[in-house]
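Close look at the chain arrangement
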Amino acid sequence: LRTALHRAVELGVIPSNPAALAKPPRVPDVEQAALTAEQAQRLLAAAQGERLAALFALALYTGMRQGELLALTWADVDWEQATVSVRRSVRHMPRVGAVAGEPKSRRSRRTLPLIPTALEALRQHRQRQLQERLTAGGWEDHDLVFPSERGTYTEATNLIHRPYRRVLARAGLPRVPFHALRHTTASLLAEAHVPLAVAQELLGHSSLAMTRHYTHIPDTMEREAATQLGQLLEFGRQDGCQLASSRDGPELETSL
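Residues numbered from 1 in each chain as written. Predicted model: local features only at pLDDT ≥ 70, side-chain atom pairs only at ≥ 80, totals over all residues. Heavy atoms only, no water.

**What about the nonpolar core?**
With 43 residues, the main nonpolar core has Leu43, Leu55, Phe56, Leu58, Phe146 and Phe178 as its most contacted residues. Every element with two or more residues in this core is listed here: helix H2 (37-47), helix H3 (53-62), helix H4 (66-71), strand E2 (83-86), helix H5 (116-135), helix H6 (156-171) and helix H7 (180-191). The element contributing the most residues to this core is H3, with 8 residues. If near-sequence neighbours (up to four positions away) are discounted, Leu55 is found in contact with Leu69, Leu70, Phe146, Leu159 and Phe178. (Core = buried A, V, L, I, M, F, W, Y, C linked by side-chain atoms within 4.5 Å. Buried < 20%, exposed > 50% of the residue type's maximum accessible area, 1.4 Å probe, protein only. Helix = DSSP H or I, 4+ residues; strand = E, 2+ residues; numbered from the N terminus. Contact = heavy atoms within 4.5 Å.)

**Considerations on the side chain of Thr184**
Tracing the backbone shows Thr184 in helix H7. With a relative accessible area of 0%, Thr184 lands in the buried category. Apart from the residues within four sequence positions on either side, Thr184 is in contact with Ala34, Leu35, Ala40 and Leu60.

**Looking at the pattern of salt bridges**
When the charged atoms of two side chains with opposite charge come close together, those side chains can pair. Summed over the entire model, instances satisfying the criterion amount to 13 salt bridges. The salt bridge partner of Arg65 is Glu68, with a shortest N-O separation of 2.6 Å. Both residues of the pair, Arg65 and Glu68, count as buried. One salt bridge connects Glu140 with Arg150, and the closest N-O pair in it is separated by 4.0 Å. With Glu140 in the loop between H5 and H6 and Arg150 in the loop between H5 and H6, this pair connects stretches of sequence that are 10 residues apart. (Salt bridge = Lys/Arg side-chain N within 4 Å of Asp/Glu carboxyl O.)

Below you can see the structure in the form of structure tokens.
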């Protein structure tokens, strides 16, 4: 609204921007949910046999957004290079339905590597989909990787309220939002000591600050970091470093 009114000022429609002085309330910083590695493994195991099992696998193995997953086409999958390219994103508008468009930001357009497990999940999904097309009546071919049972874009509500929650219940997991899988990927990347800049590229974040926001550091990693820091500090003392005084003031003497 502020941007629109500012444009109105530039065009001479109104003398000043009444929204310029508005101070919006601060949105509370609520920590987003993320699964542990063990919980993520349980989710993948519980998804076996589901029509969209490959979607859940790709969500965890790549950290792709829900809209990016639902916009994927088979042309985006490079089987030889074992990669998947994010070129579009789907959003659902009331009374309109699914609308495909550009990804969230420039950095969101990216090509992601696929490990053999993720690639195999896609292969199995492709075979299942080909069988589904033979028996489906009135299939609309949009080349989508994760279409509805008619070949059209999968509605987000159908994805979240039906198979996803069913898989969570089967795995004995809390009812976390689908977006928690993306937070899970970010956290597991940090747990695997992947540099923040690399995680940013994989997740398609516009800034490192956003990647940090998505990352949930477990207590074990914080303790490990403190232990490593202590080892570095203790190493110098064990090596004979000591502070001595001289005419010119304190200086560091090292006994080798």
